[in-house]
Structure formats: C-alpha cells, structure tokens
Amino acid sequence: MIRLAINGYGRIGRCVLRALYEGGYREHMQVVAINEPADLPTIVHLTKYDSTHGRFKAEVSSSAGCLTVNGDSIAISHHEALTDLPWGQQQVDLVLECSGRFDSQAALQQHLTQGAKRVLLSQPGEADINALVYGVNHQQLSAADTIASAASCTSNCIVPVIDILHQAFTIESGGITTIHSVMNDQPVLDGYHHTDLRKTRASSHSIIPVDTGLAQGIDRLLPSVSGRFTARALRVPTTNVSAMDLSVIVKQPATSAAVNERLQVAAQQQLKGVLGITYEPLASCDFNHDTHSGVVDAAQTRVSGSLVNVLVWFDNEWAYANRMLDIAQYWYEQIDHGSVSS
C-alpha cells in the first residue's frame, strides 16, 4: 500500500483525494497526511462540497484533528515551512506537491529531508526536474528516481495528440491556442494583486490573454519536435473544462478522415484511458469530470493541404488529478518489481 501525503489542498489536491476514491486507486494507495494552512472545518467542508464537481460520494467527517474519509483517518497539519513537515514519523512514501509554491529541486528535496521517500510535483517545475506525461514518456520513470513532475494539464492534453500526429504525418511546425477556464491567480474584481497587468482584471468579465510556457514544455517532453511550436493562452469566464486549438503543418499527405482515424486508433489502443475522441456535437460542460487527459472533437478536425487543425477538450482539474495518481501507481510498480528497495 502506497502511503501518500498531499502538500497543498487546493483545487488539484482536493481532486486528487476524490479521484483516489472514485477511480479505484484506493486499492493500491492511501492518503495518510495533508498539509494545508486552512483550518480543519474549512478543509472538511470543501472536501464534502465542490461547486464544479458536486458533492463527494464518500463519508467525510473530522475527529481529533484528522480528516476522515470512508473510515480512513488522514492527519492534518498546517505548516507553512517545508522544514516543519512530519513526513518521517508519518511514514510517507510519496508526497504529491500541489501547493503551487515550490518548483525547484532544492525546494522539493526538503520533502525528502523531512522523511518522505519520493515527491511528485503538480506543475512542470524547473528544467532539471524529470517531467512526465502519462501515456507518452512516463516509462522513463524508474524506482531510482526520487523527484518527478506530472508536467502541466495542458501538456497532458496536447502532447499525446502531437506525438500521434507527428508519428503519422511528420509535423514541420505548429501553433497552439489554449482556451482555459479561470484560475485562482485571477481576481473576481479588478485589483492590485499581480504584476501581470492582464491578471489584475476581473476574471468573469473578459477573455484574458496570459503567458504560457507550453511551447518550451513540448520541447522538453518531445525532443523530436523541438523548436517547431509556438503557443498562446486565453483565459475565459468558465469555472472548469478547457480546450486546445492545435494547428500543424505536416509533411505527409493528410485528410480529416485520416487524422481522425489515427487519433481514434490511439484512443482505443496505446492511449486508451488517456486520449478520448467524440463525434457528438458537444459543449465544454459535457467534459466536466472527464478522466481523459484530452478528448478530440472529431467533428471539428479540419485539413487544408498541409495544414491540419484539431480541437481537443480537457477537464483541466479532474483529468490532471487522475494522471498524477496514474504516475504514482506506475512509479511504485517499478519499485515492486524489485529494481530498488522503497
């Protein structure tokens, strides 16, 4: 049984806990500790109720300073400094670092110093951290690794699609526009909270361009297409589910039918459970709580000469939380195979 700790119990941290119980992961792993500055009554309330994902279908309560889920007792701490975390005495195997505050090897190493055996980061992290997209390069992870990243929700959505298209049609160049739901680094009303002046504007009033490092992330994850992509991102006034508009110039002849066929085969075979595809006329809300890293909207595929355009939907919270657990489970399968003692 893998003993997990969650550091930072925000949108992703809470989705990870829910996904563990909803997705069958609880058979192999258990959250034994959560470190979150918020008070315990608020933690309990936001575990039970979620405006985006609905009421948690588990029994949730608190007792003696612990959060209890379906009878599992989870120790709650409220430490601001990583140097105060009690991972050793709690026998934590893997920390899911979901606070959004730490992205360097030096910072993440502190989890290990405090007694955890491994750390999985819920963002790409600095360039020297091994970034993984489940279904594409997660097999690089070995039992000897102690720090890794689950990349970003956008990378998890689009990198599998790019990988398939490159294998089939050879991508020469490409551009991506991410159409992303609002995030908690945006205010409800205009305010002085951010150095990015666009992010000082009210999230519910506008479509807001924001910076993105997606192109660099693609270079990092798929060296075969390094330097071939540009990317931009727009935040839109929806609370969840995002989309990625991918346009690529390909070398090999392509048609809309051929592109969809390749993606459908991948969705049914090597990327089953990771990539989805739909031919129905759906809207973004229809993908809320969808576990796929991305779902290709096949009806929106367009091909004109060497230009291929694909639209991919993704639940930027729920899908990513599930992929973190997939990576955690794969990681400990490598340990169980005996290459390195845990």
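As a reminder, the structure under discussion sits directly above these lines.
Each chain carries its own residue numbering, running from 1 in the written order of its sequence. Local features are withheld for residues below a pLDDT of 70 in this predicted model, meaning they are given only at 70 or higher, and side-chain atom pairs are given and counted only at 80 or more; totals for whole chains, interfaces and linings count all residues. Hydrogens and water molecules were not included; the side-chain quantities draw on all heavy atoms of the structure.

**Q** Quick question: what am I supposed to make of empty space enclosed by the protein here?
**A** Unoccupied space between atoms shows up once a probe the size of one water molecule is rolled over them. Cavities and pockets are defined on a 1 Å grid built over the protein atoms alone: a cavity is a set of grid points where a 1.4 Å probe fits but cannot escape, while a pocket is an open set with protein on both sides within 12 Å along at least five of seven lines, and lining residues are those with an atom within 4 Å of any such point. Grid points are joined across faces, edges and corners, and a volume is the space filled by probe spheres set on the points. Counting across every chain of the model gives one cavity of 30 Å³ or more. Its boundaries defined by the atoms lining it, the largest cavity holds a volume of some 30 Å³. Starting at the N terminus, helices and strands are each numbered in turn, a helix being any DSSP run of H or I of at least four residues and a strand any DSSP run of E of at least two. Mapped onto the lining of the largest cavity, the elements with two or more residues apiece are α4 (153–169) and α7 (318–336). No other element matches the three residues that α4 contributes to the lining of the largest cavity.

**Q** Teacher, can you tell me more about the layout of surface pockets here?
**A** Within this model, the second largest pocket holds a volume of roughly 220 Å³. A total of five residues in the lining of the second largest pocket trace back to one element, the largest contributor, which is α7.

**Q** Help me understand the pairing of strand β9 (residues 171–181), please; the structure alone is not making it clear to me.
**A** Within a regular beta strand, the side chains point alternately toward one face of the sheet and then the other, so they alternate between its two faces. Here, a strand pair is defined by DSSP locating no fewer than two bridges between the strands. Of the pairings in the sheet, the one linking β9 to strand β12 (residues 242–250) comprises eight bridges and is antiparallel in character. What sits directly across from Ile 171, in β12, is Val 250. By the bridge criterion, eight bridges tie β9 to strand β11 (residues 229–236) in an arrangement that is parallel. Of the residues in β11, the one forming a bridge with Gly 174 is Phe 229.

**Q** Before we go on, may I ask you to explain the packing of α4 against helix α6 (residues 256–268) in this structure?
**A** How two helices pack is summed up by the angle between their axes together with the distance between the axes. Contact geometry for α4 and α6: axes closest at 10 Å, N-to-C directions at 125°. Classified by the angle between their axes, α4 and α6 sit oblique to one another. As for how α4 packs across α6, the hand of that crossing is right-handed. Here α4 contributes Val 161, Ile 164, Leu 165, Ala 168 and Phe 169 to the contact with α6, which in turn contributes Ala 258, Val 259, Arg 262, Leu 263 and Ala 266. All amino acids are sorted into three groups, where Ala, Val, Leu, Ile, Met, Phe, Trp, Tyr, Cys and Pro are nonpolar, Asp, Glu, Lys and Arg are charged, and the leftover types, Gly among them, are polar. Across the contact of α4 with α6, the residue classes break down as nine nonpolar, no polar and one charged. Between N-to-C directions, angles span 0 to 180 degrees; the directions come from axes that are lines fitted to C-alpha atoms, helices contributing only their stretch in contact. Throughout this description, any angle smaller than 35 degrees is read as roughly parallel, any larger than 145 degrees as roughly antiparallel, any in the 65 to 115 degree range as roughly perpendicular, and the remainder as oblique. Left-handed describes a crossing whose near helix is turned anticlockwise from the far helix by less than a right angle; the clockwise case is right-handed. Contacts between residues were defined by any pair of non-hydrogen atoms, one from each residue, lying within 4.5 Å.

**Q** Please explain the environment of Gln 110 as it appears in this structure.
**A** Topologically, Gln 110 is positioned in helix α3 (residues 105–113). Between the C-alpha atoms of Gln 110 and Ala 81, which are 29 residues apart in sequence, the distance is 9.7 Å.

**Q** Any chance you could explain the packing of aromatic side chains here in plain terms?
**A** Each aromatic ring pair is described using two quantities: the centre-to-centre distance and the angle formed by the ring planes. Between 30 and 60 degrees the pair is tilted, below 30 it is stacked and above 60 it is edge-to-face, where a pair is any two Phe, Tyr or Trp rings, Trp via its six-membered ring, whose centres lie within 6.5 Å. All chains considered together, the criterion is met by two aromatic pairs. Ring centres 6.2 Å apart and planes at 70° place the aromatic pair Tyr 21 and Phe 56 in the edge-to-face group. Pair noted here: Tyr 21 is in helix α1 (residues 11–22) and Phe 56 is in the loop between α2 (40–48) and β3 (60–63), with a separation of 35 residues, a long-range link. Assigned by exposure class, Tyr 21 and Phe 56 land together as buried. Plain terms: the ring middles of Phe 287 and Trp 313 are 5.4 Å apart, the flat faces sit at 15° to each other, and that makes the pair stacked. With Phe 287 in the loop between β13 (275–278) and β14 (294–297) and Trp 313 in strand β16 (residues 307–314), this pair connects stretches of sequence that are 26 residues apart. Like Phe 287, the residue Trp 313 is buried in the burial classification. Any residue under 20% of the maximum accessible area for its type is buried, any over 50% is exposed, and the rest in between are partly exposed; the area is computed with a 1.4 Å probe on protein chains only.

**Q** Quick question: what am I supposed to make of α2 here?
**A** Because the α-helix completes a turn every 3.6 residues, residues three or four places apart line up on one side. Of all the residues in α2, the buried ones are Leu 40, Ile 43, Val 44 and Thr 47. Viewed along the axis of α2, the buried residues span an arc of 100°, placing them on a single side of the element. Looking at the buried side of α2, the elements it contacts are α1, β3, β4 (66–69) and β5 (72–77). When we speak of the arc, we mean the arc of directions from the helix axis to the C-beta atoms.

**Q** Would you explain unusual backbone geometry in this entry?
**A** Comment: phi is negative for the bulk of residues other than glycine, and the bulk of peptide bonds are trans. Even without glycine at this site, Ala 64 takes up a positive phi of about 50°. For Ala 64, a relative accessible area of 79% translates into the label exposed. Positive phi outside glycine occurs at Thr 170, with the angle close to 60°. With respect to the helices and strands, Thr 170 occurs in the loop between α4 and β9. A relative accessible area of 25% places Thr 170 in the partly exposed class.

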